[in-house]
Structure formats: C-alpha cells, structure tokens
Amino acid sequence: MAVFKYLFASIYGFVDSIGQSGIFLFQSLFRLPVRYKEALRLYIRQVYSVGVLSLIIIVVSGAFIGMVLALQGYTILTRYGSEAAVGQLLALTLLRELGPVVTGLLFAGRAGSALTAEIGLMKATEQLSSYEMMGIDPLRRVIAPRLLAGITCMPILALIFSAVGVWAGMMVSVHWLGVYEGSFWSSMQQSVYFDTDVMNGIIKSFVFAVAVVWIAVYQGYVCQPTSEGIGRATTRTVVLGSLAILGLDFLLTAAMFGDF
Amino acid sequence: MEVYVDVKNLSFYRGNRAIYDNVTLQIPKGKITAVMGPSGVGKTTLLRLIGGQVEPDSGTLTVDGVDIAAASRKELFEARRKMGMLFQSGALFSDMSVFENVALPLQEYTAFDKEMIRDIVLMKLQSVGLRGAAELMPSELSGGMARRAALARAIALDPDLVMFDEPFAGQDPISKGVLVELIQRLNRAANITSVLVSHDVEESLSIADHVCLLSGGTVILSGTPDEVRSSTDERVVQFLQGHADGPVAFHYPAQEYREQLLERK
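Residues numbered from 1 in each chain as written. Chains lettered and ligands numbered in written order. Predicted model: local features only at pLDDT ≥ 70, side-chain atom pairs only at ≥ 80, totals over all residues. Heavy atoms only, no water.

With an unreviewed UniProt entry as reference, chain B is termed Putative ABC transporter ATP-binding protein, source organism Marinomonas aquimarina.

Selection criterion: UniProt positions are given in the numbering used here, feature names are shortened, and annotations may be inferred rather than shown by experiment.
In the nomenclature of an unreviewed UniProt entry, chain A corresponds to Intermembrane phospholipid transport system permease protein MlaE from the organism Marinomonas aquimarina. In the Subunit (unreviewed entry) part of its UniProt record, chain A is described as follows: "The complex is composed of two ATP-binding proteins (MlaF), two transmembrane proteins (MlaE), two cytoplasmic solute-binding proteins (MlaB) and six periplasmic solute-binding proteins (MlaD)."

Here it is, written out as structure tokens:
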C-alpha cells in the first residue's frame, strides 16, 4: 500500500509541477516589462550574459568537434577513395545533429545553471519579494527578459557552432590531410539543402532553447531559498535540461528525417 | 484614532504550527507602531501578511480599507504602491547601482523626467547619508549601509505606510541614532504610518506611539510605550528585562536535560 501511495504522490507531484511550470512559462512570455525602452535594455543585458559570454565555450567546442569529425571521417572515407565526401559528412552531421545538440548541452551547463543560480539567489536575498512589494511583477522584470534572451540566443549559437566546426574540419582535412579543396566544398554544396538541413537544425535548436531556458528559470524561481536548495536546483537544471534535449532530439529527428 | 491596518481574528499556520492564532490588532494611521516579541514569533510574517505576500488561513486583514487577501492581483499591486517595505537584508537589486535602485520605483510609477528623478534620488540618499555612495554597487556596501540604501528606496515614492523589518539590527550606534531620527522625521513631516518590527526594546519604545507585544501566537499587550513599561504582566516584564527564565520559554521544547545526558543507547 505504501508503495502505491508513494507512486501516486510522485506522479501527482510530477503532473502538478508540469502544470505549474506551464502557467509560469505562459505568464512570463506574455508579460514583458511595460516600458518599451527599459524592456529592450534588460533584454540586451541578458543577451550579453547568456549569449555573448557563452561564445568562448561554443566556439572552442565547435572547433574541436569539427576537427575530430574530419579526422575520423577521413580515415574511414579514404579506404573507399572518397575522402572528398568529408565536406558533406562534416556539414550534415554538424547542421542536423551535433550543432543543435552539443550547443544545447553546453548551453544548459554554462548559461542554464547560471540562470538558475542567479534567480535562486535573488529569491534567497528577498530581491524577488522586494520587486513584488514594489508592485513590480518579477515575472515581467526578471524572468521574461532572461527567457527571451535565452530562446533567441541559442539558435544563433548553434549556427556559430556549426560554422566554426565546418571551418575547423576544413583546416584539418584540406590543409593537413591533403583533401582537394575544390571537391571538399563542392561535395558539401551538392548535398546540403537550406530548407531540410539548415532550417531543421535551427528549428531543433529553437525547441531545445525553449526547453532548457524554461527549465532553468523555473528551477530558479521555485527553488528552496537556501544554499542547499540553490545547489540542488542548479544540478536539476543541468540534468533535466540535458535529458530533455536528448529526448526531444530523438523525437524531432524521427519527425524530420525518418521516412516511415 | 483612525485605523490604517486592521487585523481581525487572523490565523496563520505554517504546516501544523500556528504562527498566529486568532489575532486581532490595529495599526493607527499616521503613528509609529512597534511590533515586538521574541524571535520566531512571526513578526516578519505580519509584514508579509500586510503586503499580501502570504495569505491568512482565516480572518481578515484590511489596509486602508482594502481587504488584502480578497484583492485581485491588480488591486494588490495598486495597494503595494502605497507601501514601502524595508527588508531585513535590505534586498537591494544586486545588478543595479544604489542610485538605480532608488530610481527604479520612480521610473516605474511616475512620469517625471530624468532631471527630476535624479534630484529626488539624491534627496532620498542624502536623508540616509549615502549620497556619496550613489554610484556604488550593493556588493560594495556594508550591511548597515545596504539597509539604509534600501530605506531610501522604500521611501522613494513617499508611501503612506512604511514597514521596517528589524531596522536597527547590525547598525552601529551612530547610524542607529540617525535611523531613529529619520523614522521619526518621516512620520512627523509626511504623516507616514510606520510599522516597526524589532526586538531592540530601547530604540523601539523611544520612538513608538503604539506598541504591540506578540508572544505565543497572540497579542499579549497593546498600548502606549508607558503602558508597556509599567505593565506587570510576567511575560512583558520578562521580555523587557531579558530574563531567560519566565513564562516565555527560552529553550526549544526538548526532553529533560539530565535524562538525555544520562541516557545510553
């Protein structure tokens, strides 16, 4: 009996938190700060801290992943004498999969955890209460700019990741391994389509962005306002965010590229 | 006596523990009311109830005639604009300078131009002695300075009601004196209703017009500072003189001391 009771309670809690966070997302998205100029200023500040400050990790990871892909691809493709296809391999894997997914995972670790910790600490130091007591809605002032900045930044970061990856892969395969540059680029040009490959990648990273940033700000907003609570909320952001990205990636890939 | 905050038969529970059990108290308009009592008696909770951040489990609480628990979100935010609250930690917004903190409510709720807002902010900061710290960030302030900056922010909109949560804790004697004088001046000059939550007996009694002593979830005494000083109620005497022994237990409920020490498992 106790098992059922526990099971019921945890399912109830899960459904309840999904509902709560849904309302939270809805309320935050439709309540931008009242003054248009102020809203823009807050948004740009968040774009800087969420997007621009994530650039280093995104660019460095993109470069290394592109280089590794080129090395691995070259050693296999060269057995069949088709090393020129390494350009196609790089562009497709990066645009369709690795760009959105790895960017999402890195973003959850770098920006998501920072968002949760920042909002959690604002709660612990009564700053959120303080906004409320001032008659300023914290969802409007604190949450909405962060949510929008995260959602708009991540697709751009994913594109940067892919572009840097392709460039780094080109350096390795063309300038180091000696693949003919003309065939490297032409194989890529022939097989990459804007609306299936590039657009689907952007759609994917947009969906991941909504999931990760939503989880991050919600965890911060509802965390226990103690040092332990903030720590736990930050961990949960990274774990839930990463799992959500991987799960959603499977669903989206099946819907976009699976021919049933 | 005109009543500004009227609390009737209010009960509030945290879990199963009653923080307030059928409390009735009134805060007179234009006066300084000190709410005192031992730690953990729910003094801060009273301020949160007045601000509508938590809702009572039963009973009513009206602020200037508005029933806070029954108010819609819009009415509540409207009511809060007439309140200023000084949080225990100060709660300055950490991503803004002191100047921006004080300017925020003015930018948000008034149509004043930049120059005007600048002048008001400087005046408010001058009154708490922090005009020179306007460009500092909250992380660069000491605890006492942060509290004073927060006070400047709380009074930026010239509210009708200002709530002070432990304003004297952690202040050196000079700033304590300045704060006492400032609270008094605000009250006299602008006829602001002030609610002061504190356990600094001397400071509170010296400026309050009206005192509410809370203990064990109820109001044990409500009257003027002189009535409090001359009270013979054991609980009041114990609180004022700071005795560990008395009707208000100093120890958290526990098993008998001797028994627990001798117990071997």
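1. Focus on the overall build of chain B
What counts here: Only runs of H or I of at least four residues qualify as helices and only runs of E of at least two qualify as strands under DSSP, and these elements are numbered from the N terminus. Here the globule rule is a power law, 2.2 Å times the number of residues to the power 0.38, and the radius of gyration is based on C-alpha atoms. Working definition: with a 1.4 Å probe on protein chains only, accessible area under 20% of the residue-type maximum means buried, over 50% means exposed, and in between means partly exposed. Residues are treated as being in contact if the distance between any of their heavy atoms lies within 4.5 Å. Accessibility throughout is a Shrake-Rupley quantity obtained with a 1.4 Å probe, and a residue counts as covered only by protein chains that appear here. Residues scored as positive are Lys and Arg, those scored as negative are Asp and Glu, and His as well as the terminal groups of each chain are ignored. Charged side chains are reduced to one point each, which is NZ for Lys, CZ for Arg, CG for Asp and CD for Glu.
The helix and strand inventory of chain B stands at 10 helices and 10 strands. In terms of overall dimensions, chain B is globule-like: its C-alpha atoms have a radius of gyration of 20 Å, near the 18 Å expected for 265 residues. Taken along the three principal axes of its C-alpha coordinates, chain B extends 70 × 45 × 40 Å. Scored against the burial criterion, the 265 residues of chain B give a buried share of 49%. The long-range share in chain B, meaning contacts at least 24 apart out of those at least 6 apart in sequence, stands at 64%. Summed over all atoms, the accessible surface of chain B reaches about 13100 Å², with 49% contributed by carbon and sulfur. If you average the places of the 27 positive and of the 35 negative side-chain charges in chain B, the two averages end up 2 Å apart.

2. A word on the sheet that holds strand S3 (residues 32–36) of chain B
Residue and element names in this part refer to chain B. For clarity, the threshold we go by: Only strands joined by at least two bridges in the DSSP assignment are considered to pair. Fitted lines through C-alpha atoms serve as axes, helices being fitted only where they are in contact, and the angles separating the N-to-C directions of these axes extend from 0 to 180 degrees.
Pairing within the open sheet is mixed, and its 6 strands lie in the order S6-S7-S8-S3-S9-S10. Of all the strands in the sheet, the pair left with one neighbour each is strand S6 (83–86) and strand S10 (218–223). With direction set aside, neighbouring strand axes in the sheet form an average angle of 15°. As defined by bridge partners, S3 adjoins strand S8 (residues 193–197) across 4 bridges and the pair is classed as parallel. Bridging across to S8, Ala34 finds its partner in Leu196. Relative to the sheet, helix H9 (residues 234–241) contacts S3, strand S9 (210–215) and S10, its axis offset from that of S10 by approximately 80°.

3. Quick look at the interface of chain B and chain A
Put simply, the rule is: Buried area adds together the accessible area that both of two parts lose upon being put together, with accessible area traced by a 1.4 Å probe. Note on definitions: salt bridges are taken to be side-chain nitrogens of Lys or Arg within 4 Å of carboxyl oxygens of Asp or Glu.
Contacts between the two partners involve 25 residues from chain B and, on the opposite side, 16 residues from chain A. Both sides together, the interface formed by chain B and chain A hides about 2000 Å², and carbon and sulfur atoms give 49% of it. Our enumeration of links across chain B and chain A arrives at 4 salt bridges. A salt bridge links Arg45 of chain A to Asp95 of chain B; the nearest nitrogen and oxygen atoms lie 3.8 Å apart.

4. Some words on a nonpolar patch on the surface
Residue and element names in this part refer to chain A. This is how it is decided: Every patch collects residues that have over 30% relative accessible area and no salt bridge, joining them within 9 Å if they carry like charges and within 5 Å if they are nonpolar side chains (Val, Leu, Ile, Met, Phe, Trp, Tyr).
Taken together, Met1, Phe4, Leu7, Ile11, Phe14, Val15 and Ile18 make up a surface patch of nonpolar side chains, about 810 Å² in accessible area. Tracing the backbone shows Met1 in the segment before helix H1 (2–29). Classification of Met1 by relative accessible area gives exposed; the value is 80%.

5. Details of the UniProt feature "transmembrane region" (unreviewed entry) in chain A
All names here are of chain A. Taken from the UniProt record, the annotation "transmembrane region" (unreviewed entry) applies to residues 6–26, 47–69, 147–178, 198–217 and 238–257. A distance of 30 Å separates the end C-alpha atoms of residues 47–69, which is 87% helix and 0% strand. The distance from the first to the last C-alpha atom of residues 147–178 is 45 Å, and the span holds 94% helix and 0% strand.

6. Points about the pairing of S10 of chain B
Residue and element names in this part refer to chain B. In the sheet, S9 pairs with S10 via 5 bridges, with the strands oriented antiparallel. Looking across to S10, one finds that Ser215 is bridged to Thr218. Connecting the antiparallel pair S9 and S10 is a turn made up of 2 residues, with Gly216 showing a positive phi of about 55°.

7. Thoughts on the packing of helix H2 (residues 36–51) of chain A against helix H6 (residues 138–176) of chain A
Residues and elements named next belong to chain A. Rule in force here: Put simply, angles under 35 degrees are roughly parallel, angles over 145 are roughly antiparallel, angles from 65 to 115 are roughly perpendicular, and the rest are oblique. For a crossing to be left-handed, the near helix must be turned anticlockwise from the far one by less than a right angle; the clockwise case is right-handed. Each residue receives one of three labels: charged for Asp, Glu, Lys and Arg, nonpolar for Ala, Val, Leu, Ile, Met, Phe, Trp, Tyr, Cys and Pro, and polar for the others, Gly being one of them.
Relative to each other, H2 and H6 sit at 50°, their axes nearing to 8 Å. As the angle between them shows, H2 and H6 are arranged oblique. For the pair H2 and H6, the crossing hand works out as right-handed. Across the interface between the two elements, Glu38, Arg41, Leu42, Tyr43, Gln46, Val47, Val50 and Gly51 of H2 pack against Arg141, Pro145, Arg146, Leu148, Ala149, Gly150, Thr152, Cys153 and Leu157 of H6. Counted by class, the contact of H2 with H6 contains 9 nonpolar, 4 polar and 4 charged residues.

8. Things to note about the sheet that holds strand S5 (residues 66–67) of chain B
All names here are of chain B. Spatial ordering of the open sheet is given by S2-S1-S4-S5, a layout of 4 strands whose pairing is antiparallel. Looking at strand neighbours, the two that pair on one side only are strand S2 (17–28) and S5, the edges of this open sheet. As defined by bridge partners, strand S1 (residues 3–14) adjoins S2 across 8 bridges and the pair is classed as antiparallel. Across the sheet, the residue bridging to Val5 is Ile27, located in S2. On the sheet, helix H1 (residues 43–50) packs against S1, S2 and strand S4 (58–63) and is oriented at approximately 65° with respect to S2.

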